[in-house]
Amino acid sequence: MLIIGERINATRRRIGEAVRNGDAEFIRQEARKQELAGARMLDVNGGIAGKEVEYLSWLVNVVQEVTNLPLCLDSADSEALRHALPLCRQRPVMINSITDEPERFRALVPLAKEHNTKVIALCMSASEPPRGLEDRVATAARLVDQLRAEGISADDIYVDPCVFPVSTGPEHGPAVLEAVTQIKVRYPDVHINCGVSNVSYGLPLRKLLNEVFLVMLMSRGLDTA
């Protein structure tokens, strides 16, 4: 199981403040804590409007001052990625994420190929988020087939079926579980990634629900979280 630490995200209030203020030590502490907790890759997101090109590169440099873990660059901004990818010292590097939106796909795939990165293929279409099992599986198939056609190897593809809070609909949990099963049967060589804690948003006893959902996902083929 590959654990990707996802706390260094500038859309989170405290991280965003640290990024805007240039508080490198706070970011370094977050990186250290996640590595000590068992993360084997760190996600970095500099998504502050108008500043992402600058902030994503800054985060990459700051995080690499205290860890040799590989990085997952969390951005849909091709310019931010273009500047940040060459700064990544450890391999493999991952791009989070490519979707089924044509413009985003066309912008990010060449960067993935140029820098030989792994990619998270998020089951999101151009029109709307997935509504159920069929949407997730169909979008995953389109993404995997397109990425393979572009020369991305199956081992470098991490399909994310989009975990939504069960507080907004009890059908979300079962749909993701069955989607993982079907995607893994159809594409046994690709990886399956989920943002597990999304499932419990807005609910009590989040840690317990996250743990149970994680085990259920692993039993269906999840290998990255």
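As shown above, the structure is provided for reference.
Residues numbered from 1 in each chain as written. Predicted model: local features only at pLDDT ≥ 70, side-chain atom pairs only at ≥ 80, totals over all residues. Heavy atoms only, no water.

(A) Layout of the packing of aromatic side chains. Following the criterion strictly, the structure yields zero aromatic pairs and no others. When the ring centre of Phe26 is taken as origin, the NZ or CZ atom of Arg14, which lies over that ring, is 3.9 Å away. (Phe/Tyr/Trp six-rings, centres within 6.5 Å; stacked < 30°, edge-to-face > 60°. Lys NZ or Arg CZ within 6 Å of the ring centre and 35° of its normal.)

(B) Molecular detail of a nonpolar patch on the surface. Taken together, Leu205, Leu208, Val212 and Met216 make up a surface patch of nonpolar side chains, about 390 Å² in accessible area. With respect to the helices and strands, Val212 occurs in helix α8 (residues 206-220). By relative accessible area, which is 42% here, Val212 ends up partly exposed. (Patch = residues over 30% accessible without salt bridge, like charges linked within 9 Å, V, L, I, M, F, W, Y side chains within 5 Å. Areas by Shrake-Rupley, 256 points an atom, 1.4 Å probe, with all protein chains shown as cover. Salt bridge = Lys/Arg side-chain N within 4 Å of Asp/Glu carboxyl O. Helix = DSSP H or I, 4+ residues; strand = E, 2+ residues; numbered from the N terminus. Buried < 20%, exposed > 50% of the residue type's maximum accessible area, 1.4 Å probe, protein only.)

(C) Representation of the nonpolar core. Judged by nonpolar contacts, the single largest core of 64 residues is most densely connected at Ile27, Leu73, Leu147, Ile157, Val159 and Leu217. Not counting chain neighbours up to four residues away, the residues in contact with Ile27 comprise Ile8, Ile15, Ala18, Val19, Trp58, Leu59, Val62 and Val63. Formed by six residues, the second largest nonpolar core is a distinct cluster that contains Met41, Met94, Ile120 and Tyr158. (Core = buried A, V, L, I, M, F, W, Y, C linked by side-chain atoms within 4.5 Å. Contact = heavy atoms within 4.5 Å.)

(D) Examining the pattern of salt bridges more closely. As enumerated under the stated definition, the model contains 16 salt bridges in all. The residue Arg7 makes a salt bridge to Glu30 at a minimum N-O spacing of 2.8 Å. Separated by 23 residues along the polypeptide, Arg7 in strand β1 (residues 4-9) and Glu30 in helix α2 (residues 24-36) bring together distant segments of the chain. Of the residues examined, Arg7 reaches a relative accessible area of 40% and is grouped as partly exposed. Where Asp23 meets Arg14, a salt bridge forms, and the shortest distance between an N and an O atom there is 3.9 Å. Asp23 gets classed as partly exposed once you look at its relative accessible area, which sits at 27%. It is possible to trace a salt-bridge network through shared partners that takes in Glu25, Arg28, Arg32 and Glu65.

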